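# Summary of the model geometry
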Amino acid sequence: MWLPFHTVCLGSRTVSRRSVAAALLKCSKHRENVSLFSHSVAAQTCKAVRFRNHGDPSKVVQLEDVDLPPIGEKDVLVKMLAAPINPADINMIQGTYAILPDLPAVGGNEGVAQVVEVGRNVTSLKTGDWVIPKDAGLGTWRTEAVLAEGDVILLPNDIPLLSAATLGVNPCTAFRMLSDFEELKPGDSVIQNAANSGVGQAVIQIAAARGINTINVIRDRPEFTQLSDRLKAIGGTHVIKEEALRRPEMRELFKTCPKPKLVLNGVGGKSATELLRHLQFGRSMVTYGGMAKKPVTVPVSALIFKDVKVRGFWVTQWKRDHSSDGRAFRAMLDELCQLIRQGKLTAPACTEVSLQDFNKALDAAMQPFTSAKQVFIM
């Protein structure tokens, strides 16, 4: 259930200094690179990046002290370890996202936390465990939180911190799009725009692990060569500029690489239309984002003569559709973590920032041609 931070997890038990100290001692022994609380949890407050109104993030977001509720019987006290800034987080602050929290709200929908204390009836988690949110809206840009046991899911703590912090949204989106719309086999091809985005980088790596070619389209920029080299280094088969989609060089590319069975569109507008030109007959274009803020235009000829399928995907909806039976989510996370352990799936390029630098981080996350994801390290 999606609840705002200030109303969740009220319970009957307060946090004692002795229990927190014991839990923190266990946490410090469990993971040497995880810092302890920056302030006293006995005071029952945390630091949180919060907004009271929708609007320009630079004007409505503040770093505040927020009260922590008592730990209920089915609740856990967690210390947030790391939480990224995603486009959806910005849209939520602006008030333009599909779901909006009650105000005031803590920003952030993704991140990884460490369990510090558990309620007496918690059965699936223990002190020291790493967890990530099951759904959007928990508010991850904060130092600590009291959350319901059912609102988080266990994550192995033997993977890198940044991989864990950025696992729940972009890699899951990439995984599902590569799995659920077309039956892709080794040697098949996928074409995508926004290839340097978090989703795009995950698509490249998951596809490479499955033996699937990726044709990765990015906008022209001064550092195009460096970015192209980086995307190829993580498994991208081809990296091209958007302008190349209409040029004869595409015919040369398809002499060595089959035409794609799947288009992944995170941009919209003209970019999506151009990708459709190269899609195989009867195959699918899946839209998961709209960075261009322009509608997807599908030529009549593509519908009539190529019988293309035009679909959409929202990972939040997928998680909710599978919330009654967590096996699909668990299996996906397990497979993604295995790829991480094998070195086949890495976190996107990240810039680590502190909560105190939230204004600078939000500004950087909103800049065009951004290739590094801003991640709060608590």
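The structure presented is a predicted model; accordingly, all values stated were derived computationally and were not measured.

Cut-offs and rules
Residues numbered from 1 in each chain as written. Predicted model: local features only at pLDDT ≥ 70, side-chain atom pairs only at ≥ 80, totals over all residues. Heavy atoms only, no water. Pairing = 2+ DSSP bridges. Helix = DSSP H or I, 4+ residues; strand = E, 2+ residues; numbered from the N terminus. Axes fitted to C-alpha atoms, helices over the stretch in contact; angles between N-to-C directions. Contact = heavy atoms within 4.5 Å. pLDDT = per-residue confidence, 0-100.

## Side note on the sheet that holds strand E14 (residues 309–312)
A sheet is described by the order of its strands in space; here 6 strands give the open sequence E11-E10-E9-E12-E13-E14, paired in parallel fashion. Edge strands, defined here as strands with exactly one partner in the open sheet, are strand E11 (238–241) and E14. When strand polarity is set aside, the average angle formed by the axes of neighbouring strands in this sheet is 20 degrees. When strand E10 (residues 213–218) meets E11, the two strands line up parallel, connected through 4 bridges. Pairing of Asn 216 across the sheet is with Val 239, part of E11. Relative to strand E12 (residues 262–265), helix H9 (residues 269–276) is tilted by about 175 degrees, and along the sheet it contacts strand E9 (189–192), E10, E12 and strand E13 (284–287).

## Looking at unusual backbone geometry
Cis geometry marks the peptide bond from Leu 103 to Pro 104, where omega comes out at 0 degrees. Along the polypeptide, Pro 104 turns up in the loop between helix H3 (87–94) and strand E4 (105–106). With a phi angle near 55 degrees, Lys 293 is a residue other than glycine that sits in the positive phi range. Residue placement: Lys 293 occurs in the loop between E13 and helix H10 (300–305).

## A word on the confidence of the model for the chain
On average, residues of the chain carry a pLDDT of 88, and 88% of them reach 70 or more. Segment residues 1–43 is flagged for pLDDT under 50; beyond a separation of four residues in sequence, or across chains, it makes 100 contacts in the model.

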